[in-house]
Amino acid sequence: MSTQTLSRARWVRGCILRLLLCLSAALVCALLAGLTGYILLRGLPHVTWQLLFTQSSVLRGTRGILPNLLNTLYVVLAALALVLPLGVGAAIYLTEYAASPRLVRAVEFAAETLAGIPSIIYGLAGMLLFCQLLGLGTSLLAGSLTLAVMTLPIVIRTTQESLKSVPQSYREGALGLGSGKWHMIRTVVLPPAMDGIVTGCILSAGRVVGESAALLFTAGMGMSLNRFFASWENFAHSSGATLTVALYVYAKERADFDTAFAIAALLMLFTLALNFTAKWAGRRLRRRKGERNE
Amino acid sequence: MSEPALLSVRNLELWYAPAVQALRGVNIDLPERQVTALIGPSGCGKSTFLKTLDRMCDLVPGVRVSGSVRYRGKEIYDPCVDVTWLRKQIGMVFQKPTPFPMSIYDNVAYGPRTHGVRDRPRLDAVVERSLRGAAIWDEVKDRLKKSALALSGGQQQRLCIARALAVEPDVLLMDEATSALDPISTSKIEELIAALKQRYTIVIVTHNMQQATRISDKCAFFLAGELIEFGDTTQLFSLPRDKRTEDYITGRFG
Amino acid sequence: MMRRTPRPLERLMGLFFSACGLTAVAFVLLISLYLILAGVPALRETGLPDFLLGRQWSPTAQRPEFGIAPFLLTSVYGAAGAVLLGAPIGLLCAVFLAKTAPPRLAAAVRPAVELLSGIPSVVYGLVGMLVLVPAVRRCFRLPDGAGLFSAILVLAVMILPSIVSVSEAALRAVPPEYEAASLALGATQIETVFRVTLPAASGGVAASVVLGVGRAIGEAMAVLMVAGNAANMPSLFKSVKFLTTAIASEMSYSSGLHRQALFSIALVLFFFIMLVNVLLNRLLKRKGG
C-alpha cells in the first residue's frame, strides 16, 4: 500500500504557499496601519484651533487652512448638487425608460469610459471646457463642474444597482393601477432605491475630497478666504485650493511639512469617516433588500 | 458475510448542525469488487453517507461525525489519516459533470500531476489508459488539447470518470452520476460501470430503482438517515425483509 | 378604446431622463473632441514620429525640442514595475481573503483594503516624499532617492486595492463544484486553489491587472511628489517624468507650442487609457459570458 502521509515535497510547497498568502495579507494590513498611524501621529499635533479657523498670513507668519476647508466643503456640495440629478436621471433612464438596446449600450459604455479616465485628463478637459469655453476661468465652480463629470459614473452605477434590486412587481402593481411612468418611479421605485443613491453620494463625496489632479488647473491654488456665500461673482470666479491641493502646495512648493501632515491627518479622518458611513449605508441597503426578498 | 469487507461502517452518525442529524447509527459492510447501490427517497441521507466514505463531508462547515469507518481495516476518521491519500484511494464522481475549464488532457492529468507525476511519457500513458477505461478514448483522442467544456454532458461525465480513474483509485463513489444525463449517455455509463467492477469497488447513489436493479450486486435502502435494509439486489427487490423497503420499492412513497 | 395622451409632466420627465442619459455620452464625446482639437496642432508642428520617438524634451530651450519618448517609456516602465510588484501581492492577498482566511479574519482585512483605496493620492505622495524617498536614498546610497524606483513603489501600493478587490470577486465567482472535484481527487486545499480556482478565475484576475495598469498609467499627483521630475530616459534610480507628471508640472508655466505639446501628451495618454479600457471591458465581458 502506498504511503499514508502527504509526500514531503507537496507538504513543503503547501506550507510555503500558505505562508506567502498570510504574508501578503499581513503586508497589506501593515501598510494601512503604518500609513494611518504615521500620518495621524505626525499630523494631529499640528491640528490647532488657529490652523482650523484662520487663513494663512505671511505678515503674522501663521498658518491657517480655513479657506481650504471651506473650499473642500463647497466643492463637495456643488459637485454633488450637480451630479445627483444627472447621475440619478441617467440611471433611471437606463433601467426604466431606455427602449433601444443600442442606446443603453452607448450610455453604459460612456459611463465605463468616464470611470476609466484619469483625473489629470479630467483636469485638462475641465480647463478647456469649463474654464475657457464657458469662460468660468480658474474657479471653484469650474472645479465643481469637472468633479461632477468625474463622479457621474459612480452615481450612475450605484443608483442603477439599487434600481435593479427593486422588484418588478412593484412597477407592475403601480402601472396596473393606472399611474403614469414618472408617478410610478417617484412613488414606488425611487423610495426603496434611496439607500443606493445615498451610497453613491458618499462614495462620490469621498472621491471629491481626495481628488487633486483634476482641481489643479480648474479650481486652482488660491489660498485666501473666499466669501463665496456673499455673491455669485465670488462663487463663480474666484480660484480656491481644496485641502488636497493645499497639501500639495504646502508640501511641494512651500516645504511646510507640519501643515502638510496636519492636512493629511484631516484627510485621513475624513476618508475613514466617509468609508464607515458608506459601509453603514451599504449594510442598511443589503438588509432592506433581504427583507424585500423574504 | 462471505466476501471480505473493504469498507466497514459502524454506528456512523452525522450532524450538519447540533439539531440536524443526517445519519443515525449506520452499520454496513461494503464488499470488494462489487457494485453497491444506495437507494431511498430524497433527503434520506444516502448522498451524505456516500460523502462520509471519502470524507468529502468534512467540507461542510459545522458538520460533526461520530462512529467508525474502516477502509481496509484502517480507521479513516483517525486524525493522523491523510485525507489526500484517502481521497486518492477512494475516488468520487458527482451528479453534475464537473470538468475543469482546461483541456481534456489536462483534466485527466490533473490528478496524477497533483500526486507528483511529472514525466511526460508516463502522463501520456496514464491519460490514454484512463480515457480508454472510461470508454471515451475513441471520441476524444483527436482533440485532447481542446477544452473539456466543449464536450456533451454524457462525454463530460465519462471524462470525469476517466479523471477519477487516473489517480488509480481502489473505490469509486458515484453520486447520482447519471441523473443529469440523457438515456443514451446513461446506458453508456451503466455499461461502463459493469465493466469497471472487474477492477474497482463501486458505490453508487441512485434515484432510479430500475438502474439499481440493472447494475448493482448489493443494494442498501436508506430512510430518514437510517439504513433500513442491506442485501443482495435481487433479494432486496424480490423479497424485502422490511415493510418500509417494500413500500418504497413498490412505489407507495418517495 | 380611446388612447389617452400622456400628461405633460410625464412627457417632460421622460425627456429629462433621456437628456441625463445622453449627457454622459455627450461628456465622453466632448472630452475626446476637445483633447483631439487641443492636441493635434503640436503633433502637426513636430510630426508624430518625432513627437513620439524623440528622446529630447527641452521645451524652453533656444531651439525647443518636443520628444516625449522619455515620458512614454517612463510611464510604461513605471506601470510595468508597479504591476510586477503589486499584482503578485494583490493576487495572493485576494486568494487569502477569498479562500484560505477564516471568515472573521477576512472580514477584518477586507475593510483595510478598501481604506487603502480611499486614501487620497496626495497623501501617498506626501508620505512617499518624506519617508520613502529618504529611505531609498539611504538604502542604495544615492544622491537623491526621488526617481523611478520610488515612483514604482508608491504606484504598487496604490494599485493594490483594485487588484485585490477585483481578483477576490473573480475567485469567489468560481463554481464550488470545481473545487469539490479537485479535492475528491486527493488534492489539498492549497493545491486546489492554485491549480483549479485561479486558472478558472483567470479572466477576472487579468481584468484586475489591466485595471491596475490603467490606474498606474493615470496616476499623477503621488508620482509628481516622488519621481524627481527631470525629463530623463527611464532608469531605475534616475529622476524621471511620467506622461501625467509632465502635464501636471509644466502646465502652469507653459505657453505657445509648449502648452500645445502638453495637450498632445494628454492626447497620447488618453489614447493609452482608452486602449486599456477597451481591453478591460473585453476581459470583464468575456468573464460574464
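Quick caveat: nothing in here was measured; it's all calculated off a predicted structure.

Thresholds applied
Residues numbered from 1 in each chain as written. Chains lettered and ligands numbered in written order. Predicted model: local features only at pLDDT ≥ 70, side-chain atom pairs only at ≥ 80, totals over all residues. Heavy atoms only, no water. Helix = DSSP H or I, 4+ residues; strand = E, 2+ residues; numbered from the N terminus. Buried < 20%, exposed > 50% of the residue type's maximum accessible area, 1.4 Å probe, protein only. Contact = heavy atoms within 4.5 Å. Areas by Shrake-Rupley, 256 points an atom, 1.4 Å probe, with all protein chains shown as cover. Lys, Arg positive; Asp, Glu negative; His and termini not counted. Charge placed at Lys NZ, Arg CZ, Asp CG, Glu CD. Buried area = accessible area lost by both parts, 1.4 Å probe. Salt bridge = Lys/Arg side-chain N within 4 Å of Asp/Glu carboxyl O. Polar contact = N/O pair within 3.5 Å; in protein donor to acceptor, adjacent residues only side chain to side chain. Nonpolar A, V, L, I, M, F, W, Y, C, P; charged D, E, K, R; others polar. Pairing = 2+ DSSP bridges. Axes fitted to C-alpha atoms, helices over the stretch in contact; angles between N-to-C directions. Core = buried A, V, L, I, M, F, W, Y, C linked by side-chain atoms within 4.5 Å. Domains from an automatic or database assignment. Patch = residues over 30% accessible without salt bridge, like charges linked within 9 Å, V, L, I, M, F, W, Y side chains within 5 Å. Phe/Tyr/Trp six-rings, centres within 6.5 Å; stacked < 30°, edge-to-face > 60°. Lys NZ or Arg CZ within 6 Å of the ring centre and 35° of its normal.

## Here's the deal with the overall build of chain C
Along chain C, the regular secondary structure elements total twelve helices and two strands. The helix and strand sequence of chain C, counted from the amino end, reads α-α-β-β-α-α-α-α-α-α-α-α-α-α. Structurally, chain C occupies a C-alpha span of about 80 × 70 × 35 Å along its principal axes. Evaluated residue by residue, chain C yields a buried proportion of 57% over its 289 residues. When contacts within chain C are restricted to residue pairs at least 6 apart in sequence, those whose partners lie at least 24 apart make up 71%. Surface accessibility of chain C: about 12,500 Å² in total, with carbon and sulfur atoms responsible for 65%. With 23 positive and 12 negative side-chain charges, chain C shows a spacing of 5 Å between the two charge centroids.

## So, unusual backbone geometry
Glycine aside, negative phi is the norm for most residues, and most peptide bonds take the trans geometry. A positive phi angle is found at E176(B), which is not glycine, with a value near 50°. Tracing the chain through its elements places E176(B) in the loop between strand 7 (171-175) and helix 7 (183-196). Notably, R141(C) is not glycine yet its phi reads approximately 50°, a positive angle. Among the secondary structure elements, R141(C) is positioned in the loop between helix 5 (121-140) and helix 6 (148-172).

## Here's the deal with the interface of chain A and chain C
Size of an interface: often given as the accessible area lost when the parts come together. In this complex, chain A contributes 76 residues to the contact, which on the side of chain C involves 76 residues. Here chain A packs against chain C, burying approximately 6,600 Å² in sum over the two surfaces, 81% of which is carbon and sulfur. Scanning the region where chain A abuts chain C turns up two salt bridges. The tally of links between chain A and chain C comes to nine residue pairs in polar contact (both at pLDDT 80 or more). When residues in the side of chain A that touches chain C are grouped by element, the largest group, 18 residues, is from helix 1 (residues 8-43) of chain A. For the side of chain A that touches chain C, the residue count by class is 54 nonpolar, 15 polar and seven charged.

## Structural notes on the sheet that holds strand 5 (residues 74-75) of chain B
Residues and elements named next belong to chain B. A sheet is described by the order of its strands in space; here four strands give the open sequence 2-1-4-5, paired in antiparallel fashion. Two strands bound the open sheet, and with one partner strand each, they are strand 2 (20-31) and strand 5. One ladder, built from seven bridges, connects strand 1 (residues 5-17) with strand 4 (residues 64-71); its direction is antiparallel. Counterpart to W15 in the pairing with strand 4 is R64. Of the strands in this sheet, strand 1, strand 2 and strand 4 touch helix 1 (residues 46-53), which is tilted by about 120° from strand 1.

## Things to note about the interface of chain C and chain B
Opposite the 16 residues of chain C that make contact, chain B presents 24 residues. Contact between chain C and chain B buries roughly 1,600 Å² in total, counting both sides, with carbon and sulfur atoms accounting for 68%. The largest share of the area that chain C buries against chain B comes from A184(C), L185(C) and R195(C), three residues that together contribute 41% of it. Summed over the shared surface of chain C and chain B, the number is one salt bridge. Here E177(C) makes a salt bridge to K96(B), at a shortest N to O gap of 3.6 Å. Run the count over chain C and chain B and you get three residue pairs in polar contact (both at pLDDT 80 or more). The set of elements that each furnish at least two residues to the side of chain C that touches chain B consists of helix 7 (176-184) and helix 8 (189-200) of chain C. Per-element accounting of the side of chain C that touches chain B gives the leading share, seven residues, to helix 7 of chain C. Residues of the side of chain C that touches chain B, tallied by class, amount to nine nonpolar, four polar and three charged.

## Thoughts on the nonpolar core
L247(A), F49(B) and I265(C) are the most contacted members of the largest nonpolar core, which totals 228 residues. Two domains each put at least three residues into this core: domain 1 (9-45) and domain 2 (47-293) of chain A. In this view, I265(C) contacts F51(C), W57(C), I68(C), F71(C), L243(C), A246(C) and I247(C); residues no more than four positions away in its chain are not counted. With 47 residues, the next largest nonpolar core counts V126(B), I136(B), V140(B) and I189(B) among its residues.

## Concerning the pattern of salt bridges
All names here are of chain B. Overall, the coordinates contain 26 salt bridges over all chains when judged by the stated rule. Here E32 and R72 are joined by a salt bridge, their closest N and O atoms 3.1 Å apart. Of the two residues, E32 is situated in the loop between strand 2 and strand 3 (35-39) and R72 in the loop between strand 4 and strand 5; the sequence distance between them amounts to 40 residues. Overall, the relative accessible area of 39% leaves R72 in the partly exposed class. Residues R129 and E168 are paired through a salt bridge, measuring 2.6 Å at the closest nitrogen-oxygen approach. Here R129, found in helix 4 (residues 120-133), pairs with E168, found in the loop between helix 6 (153-165) and strand 7; they are 39 residues apart in sequence, far enough to count as distant. When its relative accessible area of 41% is taken as the criterion, R129 is described as partly exposed.

## Section: a nonpolar patch on the surface
Judged by side-chain polarity, W11(A), V12(A), I16(A), L19(A), L20(A) and L23(A) come together as a nonpolar surface patch covering roughly 570 Å² of accessible area. Turning to its location among the elements, L23(A) is positioned in helix 1.

## Concerning helix 3 (residues 104-114) of chain B
Taking burial as the measure, the eleven residues of helix 3 of chain B include nine buried ones, the bulk of the element. Those residues of helix 3 of chain B lying buried are I104(B), Y105(B), N107(B), V108(B), A109(B), Y110(B), G111(B), P112(B) and T114(B). The elements touched by buried residues of helix 3 of chain B are helix 1 of chain A, helix 4, helix 5 (137-140) and helix 6 of chain B together with helix 7 and helix 8 of chain C. With its phi angle positive at about 100°, G116(B) sits one or two positions after the end of helix 3 of chain B.

## Some points on the packing of aromatic side chains
One pass over the full model with this rule turns up 15 aromatic pairs over all chains. Ring geometry for W57(C) and F71(C): centres 5.0 Å apart, planes at 65°, overall edge-to-face. Note that W57(C) is positioned in strand 1 (residues 57-58) and F71(C) in helix 3 (residues 69-100), a separation of 14 residues in sequence. Take F71(C): its relative accessible area is 0%, and that puts it in the buried class. Cluster of aromatic residues (ring-pair linked, three or more members): Y97(A), W182(A), F16(C) and F17(C). The lysine or arginine in question, K181(A), covers the ring of Y97(A), its NZ or CZ lying 5.0 Å from the ring centre. Residue placement shows K145(B) over the ring face of Y105(B); its charged tip is 3.9 Å from the ring centre.

## Examining the sheet that holds strand 8 (residues 201-205) of chain B
Strand-to-strand pairing in sheets goes through backbone hydrogen bonds, with the strands running parallel or antiparallel. Residue and element names in this part refer to chain B. Ordered by their spatial adjacency, six strands build an open sheet running 6-7-8-3-9-10, and the pairing between neighbours is mixed. In the strand order of this sheet, the two ends are held by strand 6 (90-93) and strand 10 (226-232), each with one partner. Within this sheet the neighbouring strands show an average axis-to-axis angle of 15°, counted without direction. In this sheet, strand 8 lies alongside strand 3 in parallel orientation, the contact comprising four bridges. Following the sheet pairing, T36 is matched in strand 8 by V203.

## Section: the domain arrangement of chain A
Residue and element names in this part refer to chain A. Annotation of chain A at the domain level lists domain 1 (9-45) and domain 2 (47-293). Between the C-alpha centres of domain 1 and domain 2 the distance comes to 32 Å. Opposite the eight residues of domain 1 that make contact, domain 2 presents ten residues. Of the roughly 780 Å² buried between domain 1 and domain 2 on both sides combined, carbon and sulfur atoms contribute 75%. Looking only at domain 1, the three residues that lose the most surface to domain 2 are I39, R42 and L44, adding up to 53% of its buried area.

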